[in-house]
Amino acid sequence: MSILDIVKPGVVTGEDVQKVFAYAKENAFALPAVNCVGTDSCNAVLEAGAKAKSPVIIQFSNGGANFVAGKTVITVKFLVLSLVLCMFTLLLKLMAFQ
């Protein structure tokens, strides 16, 4: 019996996730959870899983998930710190020319 006899290929959610965990436990193998930071690393994980014929877990941090979903949050604090950094960099460049 293979994992594909238990769940359909693709994104697995809900009760099917528990079935995958139980299958892995019964067959004594680990499921890698890879922290992806962009679409390139997601593609690499999916390709590796397909090549190994093994399920994989794509994992995101909150910030990483927002970035991949296109929901980057820019706060006033971030903008002020960016402006200060730019001004500091400009000041250093101007001092280098003196």
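See the structure above.
Residues numbered from 1 in each chain as written. Predicted model: local features only at pLDDT ≥ 70, side-chain atom pairs only at ≥ 80, totals over all residues. Heavy atoms only, no water.

(A) Structural context of the pattern of salt bridges. Counted according to the given criterion, the structure contains one salt bridge. D16 is the partner of K19 in a salt bridge, and the nearest nitrogen-oxygen pair spans 3.5 Å. Note that K19 and D16 are positioned in helix α1 (residues 15–26) at a spacing of three residues, about one turn of the helix. (Salt bridge = Lys/Arg side-chain N within 4 Å of Asp/Glu carboxyl O. Helix = DSSP H or I, 4+ residues; strand = E, 2+ residues; numbered from the N terminus.)

(B) View of the packing of aromatic side chains. Summed over the entire model, instances satisfying the criterion amount to one aromatic pair. On the numbers, 5.9 Å between centres and 70° between planes, the contact of Y23 with F29 is edge-to-face. A relative accessible area of 29% places F29 in the partly exposed class. (Phe/Tyr/Trp six-rings, centres within 6.5 Å; stacked < 30°, edge-to-face > 60°. Buried < 20%, exposed > 50% of the residue type's maximum accessible area, 1.4 Å probe, protein only.)

(C) Main features of helix α2 (residues 39–52). Helix length check: α2, at 14 residues, gives a terminal C-alpha distance of 20 Å against a target of 20 Å (1.5 Å per residue), a fit within 8%. Those residues of α2 that are buried are in contact with β1 (33–35) and β2 (57–59). K53, located one to two residues past α2, shows a positive phi value of around 55°. (Expected span 1.5 Å × (residues − 1). Contact = heavy atoms within 4.5 Å.)

(D) Quick look at the nonpolar core. Among the nonpolar cores identified, the biggest contains six residues, and these are I3, V7, V20, Y23, A24 and L31. Excluding residues that lie within four positions of it along the chain, A24 makes contacts with F29 and L31. (Core = buried A, V, L, I, M, F, W, Y, C linked by side-chain atoms within 4.5 Å.)

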